[in-house]
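Now for the letters of each chain:
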Amino acid sequence: MSEENTMHQEIRSFILNRKIKKKENLLTTKLLKEKDGGLNKILISIIEGTNNYPKDKLKEIVDRKRPKDTTPHDFQLQKYQDLSGLVKNSSISIDEQLEVYEEQRQKVEDAHVFATWLDENCQYAEFASVATHVTKLTHSSNKGTSFYDNTTESDNKYLTTSILKQRVADGTYENALYSPVVALLLVESNGRYFYEDVIQSNYEGLEGFENSAEQLSAWKQQLKKSIDKPSKSSDSLSKQIYFPVVDNPQKTEDWHLVSVLASSSLAQDVFSRTGSKDFNDKNRSLKTKYRNKSLFSEEEIVNFPKKATLMVTQSSHQNTSILNGKRSGRLFLLPSTPPTWTSQIKPPLHHKSWFDRGVPFNSIKEDIEHLKNFILRFDKTGQSTRDPKKQRWLIKWGRGVLSTAMLYAETIQNLPAGWSSAPVSEIKLKSEQQYFLDPYRMDGDFQTTKDAANWQSVVASDFAQWLNKKIQGKDKKFTPQAEHTRLWQALMLEELREHTKMVKVVIAANKEEQA
């Protein structure tokens with residue numbers, strides 16, 4: 001099949017899919033007026049308004065989940081048919097609603113005859129634009145000209161549209177009525193958009209839909225107007241800032257543009273990487289499965305701290321552009337802050353236990369205070385903290401301290417492997433903590449001794465002793481009990497088991513690369 005035929009088939013599928021979606025909306029969203037819920041919701045309401053129906057059957061229909069191999073439209077159509085059968089068996093009259101539905105469904109069918117749909121929408125092409133930079137992203141009433149940036153030059157020091165590895169095109173329009181023709185221009189086949197064919201005066205993708213040569217010619221002339229926009233203008237609502245670069249500015253080149261238009265293409269790329277449904281669902285699943293249980297995950301869990309959200313035309317996202325509608329009107333702003341000055345990390349050679357100096361107290365202060373106050377409160381009332389509900393709080397704050405400690409331990413573990421091989425006279429750190437903090441040291445004797453040693457229990461005991469001491473503080477109001485020590489040890493042992501699994505995976509991968 002040729003590329004032109006493929007574009008033709010894509011346009012055909014595009015119009016058919018719009019028709020199916022419209023028919024689905026009659027059943028689920030809007031039958032006659034906004035937010036009436038569609039025919040299925042109306043039928044459910046009618047049935048529930050009577051007492052003459054089998055409640056179990058209705059509940060089964062309402063609660064039914066869509067099978068993965070069933071399209072949304074077919075699923076809703078089956079629900080409609082089941083509800084109609086329930087109504088018929090219950091002697092409830094819905095003739096009026098069915099008449100309205102059939103009338104609206106036929107309108108959708110008629111409107112999506114290929115030639116009819118193209119006649120209706122191509123006439124609005126002059127009011128639509130394919131763009132990378134959308135003026136309405138600064139204000140919904142902005143009448144400025146949007147533009148398409150096809151610059152290929154890029155500089156990695158700057159975040160610009162041209163650095164995107166994959167092209168992202170948006171469609172914008174003066175009114176949502178014109179959005180279908182923009183969607184048509186963005187129909188894609190084999191990595192090529194239909195609007196690119198329009199630029200090249202290639203309209204073979206439309207051939208076969210027309211009823212006459214005159215009709216096809218009219219579509220061509222109308223679609224061409226979406227590309228040919230001789231008059232370009234800005235708008236005060238674009239909020240662009242110009243700065244004079246000469247003392248007495250007279251010409252255009254005497255001004256430097258400081259604030260440029262927002263790039264919807266760049267915003268979409270940031271959105272897809274940091275906040276799309278696929279990204280969020282995968283990250284949420286990994287956090288639930290691994291991080292929340294303090295388990296090691298071979299897959300990367302990504303966080304974007306201090307991410308801000310800017311809402312654009314919040315009430316009607318689709319009125320701005322197609323991609324803004326897909327983002328639900330959200331623009332994500334990532335923090336741009338200078339790097340934090342950190343001191344050079346050195347291996348802990350001169351202290352018997354790394355915990356004493358390796359974890360800054362400020363980083364765990366809040367969790368320590370919660371633990372101390374919680375335990376002392378129950379000590380005063382003579383109640384035990386062994387109760388499962390109380391244990392959950394101890395575990396929560398204990399894991400908070402542990403998580404911070406492991407974060408600082410990781411900075412030592414990421415030092416060049418083998419730092420613990422210093423002469424015995426130069427290292428005071430106990431061997432069990434060397435196994436913990438220098439896990440990738442590859443000399444055979446070290447790994448063999450490590451595998452034979454019960455080093456995890458020693459490290460867990462060191463952690464528990466250190467944590468108890470931190471909770472005690474200078475006032476020593478807290479007296480650690482055996483139950484506290486056992487809990488901290490258990491938390492650390494669980495963490496070390498996952499840590500050991502990760503280390504083995506990394507070591508095996510390194511050996512495979514070196515083989």
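Residues numbered from 1 in each chain as written. Predicted model: local features only at pLDDT ≥ 70, side-chain atom pairs only at ≥ 80, totals over all residues. Heavy atoms only, no water.

Draft legend 1. Examining the overall build of the protein more closely. Across its full length, the protein holds 19 helices and eight strands. Taken along the three principal axes of its C-alpha coordinates, the protein extends 95 × 80 × 55 Å. Across the 515 residues in the protein, those meeting the buried criterion constitute 40%. Across the protein, the fraction of contacts at a sequence separation of at least 24, relative to all contacts at a separation of at least 6, is 67%. Roughly 31,200 Å² of accessible area belongs to the protein as shown, and the carbon and sulfur atoms make up 49% of that amount. For the protein, the centre of its 74 positive side-chain charges and the centre of its 67 negative side-chain charges are spaced 9 Å apart. (Helix = DSSP H or I, 4+ residues; strand = E, 2+ residues; numbered from the N terminus. Buried < 20%, exposed > 50% of the residue type's maximum accessible area, 1.4 Å probe, protein only. Contact = heavy atoms within 4.5 Å. Areas by Shrake-Rupley, 256 points an atom, 1.4 Å probe, with all protein chains shown as cover. Lys, Arg positive; Asp, Glu negative; His and termini not counted. Charge placed at Lys NZ, Arg CZ, Asp CG, Glu CD.)

Draft legend 2. Structural view of the packing of aromatic side chains. Counted under the stated rule, the structure contains 15 aromatic pairs. Plain terms: the ring middles of Tyr193 and Tyr195 are 5.5 Å apart, the flat faces sit at 25° to each other, and that makes the pair stacked. Judged by its relative accessible area of 9%, Tyr193 is buried. An aromatic cluster of at least three residues, connected via ring pairs, comprises Trp354, Phe355, Phe463 and Trp466. Across from the ring centre of Phe332, 4.2 Å away, lies the NZ or CZ of Lys307, which sits over that ring. (Phe/Tyr/Trp six-rings, centres within 6.5 Å; stacked < 30°, edge-to-face > 60°. Lys NZ or Arg CZ within 6 Å of the ring centre and 35° of its normal.)

Draft legend 3. Spatial organisation of the environment of Ser265. Relative to the helices and strands, Ser265 is located in helix α10 (residues 264-274). Spatially, the C-alpha atoms of Ser265 and Phe147 are 11 Å apart, while their sequence positions differ by 118 residues. Looking at Ser265, its side chain comes within polar contact range of the main-chain oxygen of Val168, at 2.5 Å. (Polar contact = N/O pair within 3.5 Å; in protein donor to acceptor, adjacent residues only side chain to side chain.)

Draft legend 4. Broad picture of the packing of helix α2 (residues 38-48) against helix α4 (residues 72-89). The contact between α2 and α4 brings their axes to 10 Å, and the two run at 25°. With respect to α4, the element α2 is oriented roughly parallel. The crossing of α2 and α4 is left-handed. Residues Leu39, Asn40, Leu43, Ile44 and Ile47 of α2 touch α4, and the partners they reach there are Gln76, Lys79, Tyr80, Leu83, Ser84, Leu86 and Val87. By residue class, the composition of the contact of α2 with α4 is eight nonpolar, three polar and one charged. (Axes fitted to C-alpha atoms, helices over the stretch in contact; angles between N-to-C directions. Parallel < 35°, antiparallel > 145°, perpendicular 65-115°, else oblique. Left-handed = near helix turned anticlockwise from the far one by under 90°. Nonpolar A, V, L, I, M, F, W, Y, C, P; charged D, E, K, R; others polar.)

Draft legend 5. Layout of unusual backbone geometry. For Asn190, which is not a glycine, the phi torsion comes out positive at approximately 55°. Along the polypeptide, Asn190 turns up in the loop between β3 (188-189) and β4 (192-193). Positive phi values are uncommon outside glycine, yet Ser328 reaches one of about 55°. On the secondary structure map, Ser328 appears in the loop between α12 (322-326) and β8 (330-333). Judged by relative accessible area, which is 30%, Ser328 ranks as partly exposed.

Draft legend 6. Structural detail: the packing of α2 against helix α5 (residues 95-111). At their nearest, the axes of α2 and α5 sit 11 Å apart, and the two run at 180° to each other. Taken together, the axis directions place α2 and α5 in an arrangement best described as roughly antiparallel. Facing Leu39, Ile42 and Ile46 of α2, the residues of α5 in contact are Gln97, Leu98 and Tyr101. Considering only residue class, the contact of α2 with α5 consists of five nonpolar, one polar and no charged.

Draft legend 7. View of the environment of Leu491. Assignment of secondary structure puts Leu491 in helix α19 (residues 482-514). For Leu491, a relative accessible area of 6% corresponds to the buried category. Separated by 92 residues in the primary sequence, Leu491 and Arg399 have C-alpha atoms spaced 7.0 Å apart. Beyond its immediate chain neighbours, meaning those up to four positions away, Leu491 contacts Ile395, Gly398, Arg399 and Leu402.

Draft legend 8. Broad picture of a nonpolar patch on the surface. Taken together, the side chains of Ile241, Phe243, Val245, Val246 and Val258 present a nonpolar region at the surface, about 460 Å² in accessible area. The topology assignment puts Ile241 in the loop between α9 (213-224) and β5 (242-244). The class for Ile241 is partly exposed, based on a relative accessible area of 48%. (Patch = residues over 30% accessible without salt bridge, like charges linked within 9 Å, V, L, I, M, F, W, Y side chains within 5 Å. Salt bridge = Lys/Arg side-chain N within 4 Å of Asp/Glu carboxyl O.)

Remember that the coordinates give geometry; whether it matters functionally is a separate question.
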